[in-house]
Number of protein chains: 2
Amino acid sequence: MARAAGVSQPAVSRAFNPKASITKEKRDRVLAAARELGYVPNVFASSLSKRSSKMVAVISGNLNNPFYSESLQVFVENFQRTSRQVLAFSVQDQQSSDEVMMEALRYPVDGIVMTSAKVTSEMVKLSEGLGIPVVMFNRSVPGTGLATVQCDNRAGGAALARRMAAAGARSFLVLRGDPQGSTSQERVAGFRDTLAALGRLDLEEIEGGSNYSGGYAAIMSRFNRPAPDWPDAIFAVNDIMAIGCADALRGNFGLRIPEDILLAGFDGIREGQRHPYRLTTVRQPIERMVSETLDILDQPDGGESSLRLIPGDLIPGTTVKARGEFL
Amino acid sequence: MARAAGVSQPAVSRAFNPKASITKEKRDRVLAAARELGYVPNVFASSLSKRSSKMVAVISGNLNNPFYSESLQVFVENFQRTSRQVLAFSVQDQQSSDEVMMEALRYPVDGIVMTSAKVTSEMVKLSEGLGIPVVMFNRSVPGTGLATVQCDNRAGGAALARRMAAAGARSFLVLRGDPQGSTSQERVAGFRDTLAALGRLDLEEIEGGSNYSGGYAAIMSRFNRPAPDWPDAIFAVNDIMAIGCADALRGNFGLRIPEDILLAGFDGIREGQRHPYRLTTVRQPIERMVSETLDILDQPDGGESSLRLIPGDLIPGTTVKARGEFL
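Criteria and cut-off values
- Residue numbering note: each chain is counted from 1, following its sequence as written.
- To read the labels, note that chains go from A and ligands from 1, taken in the order they are written.
- With the structure being a predicted model, the display of local features is reserved for residues of pLDDT at least 70 and the display and counting of side-chain atom pairs for 80 or more, all residues being used for whole-chain, interface and lining totals.
- Computation of side-chain values covers all heavy atoms of the structure but excludes hydrogens and water.
- The buried label applies to any residue whose accessible area, calculated with a 1.4 Å probe on protein chains only, is under 20% of its type's maximum; exposed applies above 50%, and partly exposed to all values in between.
- Helix and strand definitions here come from DSSP, where helices need a minimum of 4 consecutive H or I residues and strands a minimum of 2 consecutive E residues; each element is numbered from the N-terminal end.
- A strand pair is defined by DSSP finding two or more bridges across the two strands.
- When the copies are superposed, the least-squares fit draws on C-alpha atoms of residues that have pLDDT of at least 70 in both.
- A contact between two residues is defined here by any heavy atoms of the two lying within 4.5 Å.
- In this analysis, axes come from line fits to C-alpha atoms, helices being fitted only over the stretch in contact, and the angle between any two N-to-C directions falls in the range 0 to 180 degrees.
- One speaks of a salt bridge when a side-chain nitrogen belonging to Lys or Arg is within 4 Å of a carboxyl oxygen belonging to Asp or Glu.
- In this description, a nonpolar core means a group of buried Ala, Val, Leu, Ile, Met, Phe, Trp, Tyr and Cys residues linked to one another through side-chain atoms lying within 4.5 Å.

Within an unreviewed UniProt entry, the label attached to chain A reads Transcriptional regulator, and the organism entered is Pseudooceanicola batsensis.

Below you can see the structure in the form of structure tokens.
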């Protein structure tokens, strides 16, 4: 290879390392020789001794929820920076997470990041047996001992409840997310318990389907009737549902937010902070959560059982305000 | 393995095939044995004879542009359905596509889908030499002979120009995208040529940076002055820029769309069709574009040089209307 290109051995390595310094002319010569010989350094071959494929499986929920696509973008950027790559999986509606995880285990991955849904303890044992670390991202599965990186969902739900109560709300509606997911359960529990402690017991919970159209449809089916009994405040457990909810409230019922009804979401996705919404919400610190996940994967013992609970950031936004603040 | 689990050889295969029919009890027994032995069928090993890794590299632009995350979701769904997987790359702002493609070539991928930016002919030759088919998705690189799947950008730009002219617009502003990208160039050319043929020559073009904040900032820096000279109509060459543009027009200048100014985008992303925007735009038929891409990758000769030009769908929306239609 070096001979064919008429360069030194180290120059060949440098030519294939996008970050290495090498003249364009030399790199071109190496590439031409590589083309001739059909040769490119294969990461699997070069890392065989280290038993590392430089690939990490990331199993996401539907990427049409911006929280997942924003997280995936940060994962791809961070892995690429360390010369690793994301093997992308997504859990389809009709699929179980176990099925997708089994598919992922068939590739020689260095680790699995699970950002969606839950896995059974059988799958956890299988991955352990194979020596493949698994990190739950924004999910926890109690009793499995899986390494988990999570925003403090309970504290976030509690903070939003306090804010709504302080703004004078006395009746509340909660749009729940995935009924099986720990994330939704914890946010709702934090919200509910805090209101109960404040003596605000007028709380109704309905399913919101975890996506835009689910949030929209939940509002339509609950209130599309004569003289609907509007609550003072609505908490959608994720931003994309809150956005669907806001569009239904304004577009179909002509309600103003926050003048007629208060609204909060959770996640802090970009779209929720744009001009039409400016949601009151809790931002998940995705950058920090991703770097904690990488840190766990880099530990020699792989995904040691640990829970890294990271506080979210309350974003005041404009959708929860006391009457005096906007009158 | 079969012996350890006390099942037949075919039962072992079925246990690892998420789609195969097998009793839960049998599968559990096989999984327990696999865990014991640290064994899982590796796709690379089982497909070595076919020289297929069952992985396809998808090189995307930033996933915070919903066009890329929506496309990636469709790629992941479609590949997963055929037991293949997406190795996800994204081109960072400061990176060249060549660099990322070289990184992708280091993995044993069955093909490369390039949804962003352009590659040099040197890289094309290298991938050809390696026998790895490359498909350009929503991009073309003239002169490389690369297989290309593309929405008819020129016809789409032309359709939007006709619609704006028919609505009575006489002065136009274009927010361009990636100056190096064929996509933006073709949309602008279709728009410009059609207006010229209609005798509408009052056309200004500025850079919009291809993302939300670029669209927002372009409007601010162009018009944040006393008595700004507003055009009748603005064409942002992608929806995410059009959304940034709409937020700036309404949020900062109090303009109404379409009453005070007409606006069109391109792509047909979900966010652009929600209540606050309902953009007049051209939808790229992502599902069909992805299945054409898979079809090319499945051809025995790999990415034979072909151009598949697919018409986009004009979405009337509410942001381009003739005065009579909203007065």
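Following the structure, the description resumes.
A. Looking closely at the pairing of strand β3 (residues 111-114) of chain B. Residue and element names in this part refer to chain B. Side-chain alternation along β3 places G111 and V113 on one buried face and I112 and M114 on a second face that is also buried. Here strand β1 (residues 55-60) pairs with β3 via four bridges, running parallel. When the bridges of β3 are listed, A57 appears paired with I112. Sheet topology note: the β3/strand β4 (residues 134-137) ladder contains three bridges and is parallel. Following the sheet pairing, V113 is matched in β4 by V135.

B. Looking closely at the relation of the copies chain A and chain B. Note on the identical chains: chain A maps onto chain B by a rotation of 180 degrees and an axial translation of 0.0 Å, with an RMSD of 0.1 Å. Here the symmetry operator amounts to a two-fold rotation axis. Closest to the rotation axis within chain A is the C-alpha of L87 of chain A, separated from it by 2.2 Å. Comparing contact sets, 100% of the residues at the interface of chain A also lie at the interface in chain B, consistent with an isologous, same-surface contact.

C. Geometry of the sheet that holds β1 of chain B. In spatial order, the strands read β11(A)-β5(A)-β4(A)-β3(A)-β1(A)-β2(A)-β2(B)-β1(B)-β3(B)-β4(B)-β5(B)-β11(B); together these 12 strands make up an open sheet with mixed pairing. Both outer strands of the open sheet, β11 (307-310) of chain A together with β11 (307-310) of chain B, are each paired with one neighbouring strand and no more. Strand after strand, the sheet turns through a mean of 20 degrees between neighbouring axes, direction not considered. Sheet analysis places strand β5 (residues 147-151) of chain B next to β11 of chain B, joined by four bridges and oriented parallel. If you follow V149 of chain B over to β11 of chain B, its bridge partner there is R308 of chain B.

D. Just the pattern of salt bridges, in detail. Evaluated as defined, the whole model comprises 36 salt bridges over all chains. A salt bridge links E271 of chain B to R274 of chain A; the nearest nitrogen and oxygen atoms lie 2.7 Å apart. Taken together, the residues E271 of chain B in the loop between β9 (262-264) and β10 (281-283) and R274 of chain A in the loop between β9 (262-264) and β10 (281-283) connect one chain to another. Of the residues examined, E271 of chain B reaches a relative accessible area of 4% and is grouped as buried. Its salt-bridge partner being R139 of chain B, residue D178 of chain B comes within 3.8 Å of it at the nearest N-O pair. Pair noted here: D178 of chain B is in the loop between β6 (171-176) and α9 (182-197) and R139 of chain B is in the loop between β4 and β5, with a separation of 39 residues, a long-range link. Taken together, the shared-partner salt bridges in this structure form one network comprising R176, R192, E205 and E207 of chain A.

E. Region of the structure containing the nonpolar core. In terms of nonpolar packing, the biggest core is built from 140 residues, with L175 of chain A together with L175 of chain B touching the most fellow members. Look past the residues within four positions of L175 of chain B in its chain and what remains in contact with it is I206, G208, G215, A218, I219, I234, F235, A236, V237, M241 and C245 of chain B. The next biggest cluster of nonpolar side chains, apart from the first, holds 72 residues, and it includes A5 and I112 of chain A together with I59 and V124 of chain B.

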